[in-house]
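Per-entry structural report
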Amino acid sequence: MNPNDEQEHRCGLIDHPGLQVLMPHLKSYLTKGVAELQSGRTPFPRTAAETYACGVAERVSELDNALQALRLTLDFVMDLGKQSSPDPDVYRYHYENFVLRVIGFVDRAHRLVGAAFLLDKVKFESSSGNRFVQSQVKGEHPDIHAALLGVADAVDGYRGPRNELIHSSAFSSRELGLFQSIRQFRVDTGDIDTDELARRHYAEGCMEIALTIARLVEVLTTLLDCLAPLFVIAAEHDVSPEKKSAPEGADQV
């Protein structure tokens, strides 16, 4: 990995330019929090802008944490592909972890929008929260609505496999079944190097995971681009969390 790639790996959604206007308020919030934690006094006084910045940053961090989990999965699968005799059960474990996690980005993206618009937290975190958020932005914020649909579309192909996994059906494929059976029953495949075939198959899995991560970063960045004007308004105005509406001056949803 060259230095540029390493720098890209370290950057997260929290570094999005649109969020930078909230950083002074977030840092002030964190400084107050640490000071009060040391003194043992809670809760500590905070401005509305600080509370808003913390709420948005928390949601963005949830997305960054989920992306980092996918990157760890990618690293594990890449390492597996370098082994002399890669275990198909290990590949299944990591791929299942990837499938189970990837759908969660849809909920996290909707919760970010809910926090950005100061919507009712109970409603946007409920089982029907995604529909609630979409109903609030679809009419007057079509760009944000489209960005949310983009996140859903990026992972839609994993919804079926994820549902199967939830209902206790282990992930499998024709190739994985072959590798597993040959390994389990110690089948002599002659001149066919099944370990090399397995490594090639796992390399394809790495490519799939990497492309999915890249696509998620793209659509989530687009979502933050669309939300950026709200962050500017929130940073420049005294936004009251109790209003449960868009920041003052923003288009009402």
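Quick summary incoming for the structure in this document.

1. Observations concerning the overall build of the protein
In terms of regular secondary structure, the protein is built from eleven helices and zero strands. Secondary structure of the protein in N-to-C order comes out as α-α-α-α-α-α-α-α-α-α-α. Classification of the 253 residues of the protein by burial places 41% in the buried group. Contacts in the protein between residues far apart in sequence, at least 24 positions, make up 76% of those at least 6 positions apart. Total accessible area on the protein is roughly 13900 Å²; 53% of this is exposed by carbon and sulfur atoms.

2. Remarks on the pattern of salt bridges
Under the criterion given, the structure shown has seven salt bridges. Taking the shortest distance from any N to any O, the salt bridge between aspartate 89 and arginine 92 comes out at 3.4 Å. Residue aspartate 89 and its partner arginine 92 are both found in helix H4 (residues 88-102); the two are separated by three residues, about one turn of the helix. Between arginine 199 and glutamate 196 there is a salt bridge whose closest N-O contact spans 3.0 Å. Placement of both arginine 199 and glutamate 196 in helix H11 (residues 194-236) is noted, with a separation of three residues, approximately one turn of the helix. For arginine 199, a relative accessible area of 19% puts it in the buried group. Look at glutamate 196 and you get partly exposed, because its relative accessible area is 33%. One continuous salt-bridge network, built from bridges that share partners, spans Arg59, Glu62 and Glu125.

3. Some points on the packing of helix H3 (residues 48-80) against H4
In helix packing, the relevant descriptors are the interaxial angle and the interaxial distance, both defined with respect to the helix axes. Contact geometry of H3 with H4 gives a least axis separation of 10 Å together with a crossing angle of 160°. Taken together, the axes of H3 and H4 lie roughly antiparallel to each other. Crossing of H3 against H4: the hand is left-handed. Each of Ala69, Leu70, Thr73, Phe76, Val77 and Leu80 in H3 lies in contact with H4, whose residues at this interface are Val90, Tyr91, His94, Asn97, Phe98, Arg101 and Val102. Of the residues in the contact of H3 with H4, the class split is nine nonpolar, three polar and one charged.

4. Observations concerning the side chain of asparagine 130
One can find asparagine 130 in helix H7 (residues 129-137). A polar contact is formed between the side chain of asparagine 130 and the side chain of aspartate 107, at a distance of 2.8 Å. Leave out the neighbours within four places in its chain, and asparagine 130 touches Val106, Asp107 and His110.

Analysis parameters
Residues numbered from 1 in each chain as written. Predicted model: local features only at pLDDT ≥ 70, side-chain atom pairs only at ≥ 80, totals over all residues. Heavy atoms only, no water. Helix = DSSP H or I, 4+ residues; strand = E, 2+ residues; numbered from the N terminus. Buried < 20%, exposed > 50% of the residue type's maximum accessible area, 1.4 Å probe, protein only. Contact = heavy atoms within 4.5 Å. Areas by Shrake-Rupley, 256 points an atom, 1.4 Å probe, with all protein chains shown as cover. Salt bridge = Lys/Arg side-chain N within 4 Å of Asp/Glu carboxyl O. Axes fitted to C-alpha atoms, helices over the stretch in contact; angles between N-to-C directions. Parallel < 35°, antiparallel > 145°, perpendicular 65-115°, else oblique. Left-handed = near helix turned anticlockwise from the far one by under 90°. Nonpolar A, V, L, I, M, F, W, Y, C, P; charged D, E, K, R; others polar. Polar contact = N/O pair within 3.5 Å; in protein donor to acceptor, adjacent residues only side chain to side chain.

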